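Geometric and topological summary
Residues per chain, in single letters:
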Amino acid sequence: MKHPNTRTRTPTGRTLRHDRRAFLLIGGMALALLAGAAGFRTLLGMRQPGVGGPYALTDTANRPVTQADFRDRYTLIYFGYTHCVDVCPLTLATVSAALEELGPRGRAVTPIFISVDPERDTPGVVKNYVAHFSPDIVGLSGTTAQLRPVLAAFHVTVRHHAGANALIDHSSLLYLMDGHNHLAGMIPVDSSAHDIAADLARMLPSS
């Protein structure tokens, strides 16, 4: 029984449209997974509406960075954290190898690592971490308030466990953004370096 003073919120048109897009995206991924790995890769390689957006974070030199700093350059964004014991380091190493395999076209892409662990991943920690994989990786971090809209824009799910050295559950995808910060495609992180290079070659402009 509702309290007499309780108001029922009616979803706005904007909220309904956003929820519908998110539902279609998740539903499409589920169907692709049912269709097998080939179908999943095909879906990820397509432009998805409502994925990605502006961000305002901090680089490893403690300078503010926004998406505007990469205007006219393709970026390959990965969300992770430095205490990750398996997927994150493997992904960064694989991305570095894939970009090297692409040669000049790979050098036209800026790999970006965005930490989802604002408590432990200070700019200095992120700097030391990304240096293990490639000097070309741009490491970004931010406060919880700064990260919240970025995670929402890229539909990244994060679940923190308790404890000083606790692991973090998070969704893992590679997001290729074009020179205007629009999504060009997504790549699964369990791909080999060769497969990532092939996906990027297909998504990047020919010249």
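Below you will find a few notes about this structure. (Residues numbered from 1 in each chain as written. Predicted model: local features only at pLDDT ≥ 70, side-chain atom pairs only at ≥ 80, totals over all residues. Heavy atoms only, no water.)

A count of helical and extended segments in the protein chain gives seven helices and nine strands. The burial tally for the protein chain puts 44% of its 207 residues in the buried class. Partitioning the intrachain contacts of the protein chain with sequence separation of at least 6 by distance along the chain shows that 72% fall at a separation of at least 24. Total accessible area on the protein chain stands at roughly 11,800 Å², and carbon and sulfur atoms take up 58% of it. (Helix = DSSP H or I, 4+ residues; strand = E, 2+ residues; numbered from the N terminus. Buried < 20%, exposed > 50% of the residue type's maximum accessible area, 1.4 Å probe, protein only. Contact = heavy atoms within 4.5 Å. Areas by Shrake-Rupley, 256 points an atom, 1.4 Å probe, with all protein chains shown as cover.)

On to helix α3 (residues 87–102). The end-to-end C-alpha separation of α3 is 22 Å, in line with the 22 Å expected for 16 residues at 1.5 Å each. For α3, the complete set of buried residues consists of Cys88, Pro89, Thr91, Leu92, Thr94, Val95, Ser96, Ala98, Leu99 and Leu102. Backbone geometry just downstream of α3 places Gly103 in the positive-phi region, at approximately 65 degrees. (Expected span 1.5 Å × (residues − 1).)

Moving on, we get to the sheet that holds strand β4 (residues 109–115). Read across the open sheet, the seven strands follow the order β2-β1-β5-β4-β3-β8-β9; overall the sheet is mixed. Looking along the sheet, the strands with just one partner apiece sit at the ends: β2 (64–66) and β9 (183–188). Between one strand axis and the next, the sheet turns by 35 degrees as a mean value, whatever way the strands run. Most of the contacts of helix α6 (residues 144–153) go to strand β1 (residues 56–59), to which it runs at about 115 degrees, and overall it touches β1, β3 (74–80) and β4. Relative to the sheet, helix α7 (residues 193–203) contacts β3, β8 (173–177) and β9, its axis offset from that of β9 by approximately 165 degrees. (Pairing = 2+ DSSP bridges. Axes fitted to C-alpha atoms, helices over the stretch in contact; angles between N-to-C directions.)

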